[in-house]
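# Structural description and commentary
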Amino acid sequence: MALEHAILVSLSERAGSGYELTRRFEKSIGLFWSATHQQIYRVLKRMEEAGWVAVDVVAQSGRPDKKVYTVSDSGRAELARWLAEPDPGAGPVELAVKIRGATFGDPGAVAEEIVRHRSAHAGRLDVYRQIEKRDFPAPAALTGRHLHQYLVLRGGIRVEEGQVEWFDEVLAALHHEKDS
C-alpha cells in the first residue's frame, strides 16, 4: 500500500492541511503505520500533480497561507479502485486501511478481501498446529534447542490465531452492517 491510499482515506473522512493530516496520523492511522510530516507533504504534492486531491489556499493573518486538501473525483475513483483490488501480499496495516476506507468504495469487495486473507491465515494456522502436534507432543518436557523451536512455533500460532479472530470479528461486523 502506498501512503497515498492512507491519505485518501483520511481526507475522505475530513479535508485538511498537511499539518492536520500529520496530527491525524499520529492519533489514528499512525498507531499502526507512521508517516513523517515531510513524507506526507511530498506525497500530497504528488497526489496534487496526479489530480487525486484539490487544494484550497486559505489566507492566514501573520502566518503563511494554509493549503487545505480535499479528495477530487479522480482521487475518489483511485481509492475505490484500490479498495476493490485483491492484494494477496497485504499485511495487517494495509487491510486495516482498507477496512477503515470501506465506506468510500465497495464494502463487499473489502469483505471478500478479508475472507481471502482469513483463509490464508487459517491455513497457515492449521499447518503450525500440525507441526506442533507432530514435533512437540510433550512440550512440558522440552529444553534447550527444542524448547526454543517450540516457543517460536507457539508465537506463530498465537499470531495466526489473533489474525483469524480479528478477521472473524471484522466479517461479523460487516455482515451485521450490511443487514442493518
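The text that follows walks through the structure, step by step, so that each part is easy to find. (Residues numbered from 1 in each chain as written. Predicted model: local features only at pLDDT ≥ 70, side-chain atom pairs only at ≥ 80, totals over all residues. Heavy atoms only, no water.)

So, about the nonpolar core. In this structure, L3, I7, L11, F25, I40 and L44 are the most contacted members of the largest nonpolar core, which totals 22 residues. Of all the secondary-structure elements, those providing two or more residues to this core are α1 (3-13), α2 (18-27), α3 (37-50), β2 (66-71) and α4 (73-84). Considering each element in turn, this core owes the most residues, six residues, to α1. Judged by nonpolar contacts, the second largest core, of eight residues, contains A90, F167, V170 and L171. (Core = buried A, V, L, I, M, F, W, Y, C linked by side-chain atoms within 4.5 Å. Buried < 20%, exposed > 50% of the residue type's maximum accessible area, 1.4 Å probe, protein only. Helix = DSSP H or I, 4+ residues; strand = E, 2+ residues; numbered from the N terminus.)

Now for the side chain of K98. If you trace the backbone, K98 turns up in helix α5 (residues 92-101). Comment: no salt bridge for buried K98; closest opposite-charge side chain is E113, at 4.1 Å. Within the local environment of K98, its side chain forms a polar contact with the backbone oxygen of W82, the two atoms lying 3.0 Å apart. Those residues in contact with K98 that lie beyond four places of it in its chain are W82, L83, E85, D87, V110 and E113. (Lys, Arg positive; Asp, Glu negative; His and termini not counted. Salt bridge = Lys/Arg side-chain N within 4 Å of Asp/Glu carboxyl O. Polar contact = N/O pair within 3.5 Å; in protein donor to acceptor, adjacent residues only side chain to side chain. Contact = heavy atoms within 4.5 Å.)

Computed from the structure, the largest pocket encloses a volume of approximately 190 Å³. Every residue lining the largest pocket is listed: S17, G18, Y19, E20, Y41, Q60, R63, P64, D65, K66 and K67. Looking at the lining of the largest pocket, the elements with two or more residues in it are α2 and β2. For the lining of the largest pocket, a count of residues per class yields three nonpolar, three polar and five charged. (1 Å grid on protein atoms, 1.4 Å probe; cavity = no way out; pocket = protein on both sides within 12 Å on 5 of 7 lines; lining within 4 Å. Points joined across faces, edges and corners; volume = space filled by probe spheres on them. Nonpolar A, V, L, I, M, F, W, Y, C, P; charged D, E, K, R; others polar.)

Turning our eyes to something else, we now look at α1. Summarising burial for α1: nine of the 11 residues are buried, a large majority. When α1 is considered as a whole, its buried residues turn out to be L3, E4, H5, A6, I7, L8, V9, S10 and L11. Looking at the packing, one finds that the buried side of α1 touches α2, α3, β1 (53-58), β2, α4 and α5.

Let us look at helix α6 (residues 107-135). In a regular helix each residue adds 1.5 Å, so 29 residues correspond to 42 Å; α6 covers 42 Å between its end C-alpha atoms and thus fits that length. For α6, every residue scored as buried is listed here: A109, V110, A111, E113, I114, H117, H121, A122, L125 and E132. Considering only its buried residues, α6 is in contact with α4, α5 and α7 (144-179). (Expected span 1.5 Å × (residues − 1).)

What the rule picks out here adds up to 13 salt bridges. A salt bridge links E20 to K66; the nearest nitrogen and oxygen atoms lie 3.0 Å apart. Of this pair, E20 sits in helix α2 while K66 sits in strand β2, placing them 46 residues apart in sequence. Its relative accessible area of 28% is what places E20 among the partly exposed residues.

So, to be careful, I would describe these as geometric facts and stop short of saying anything about function.
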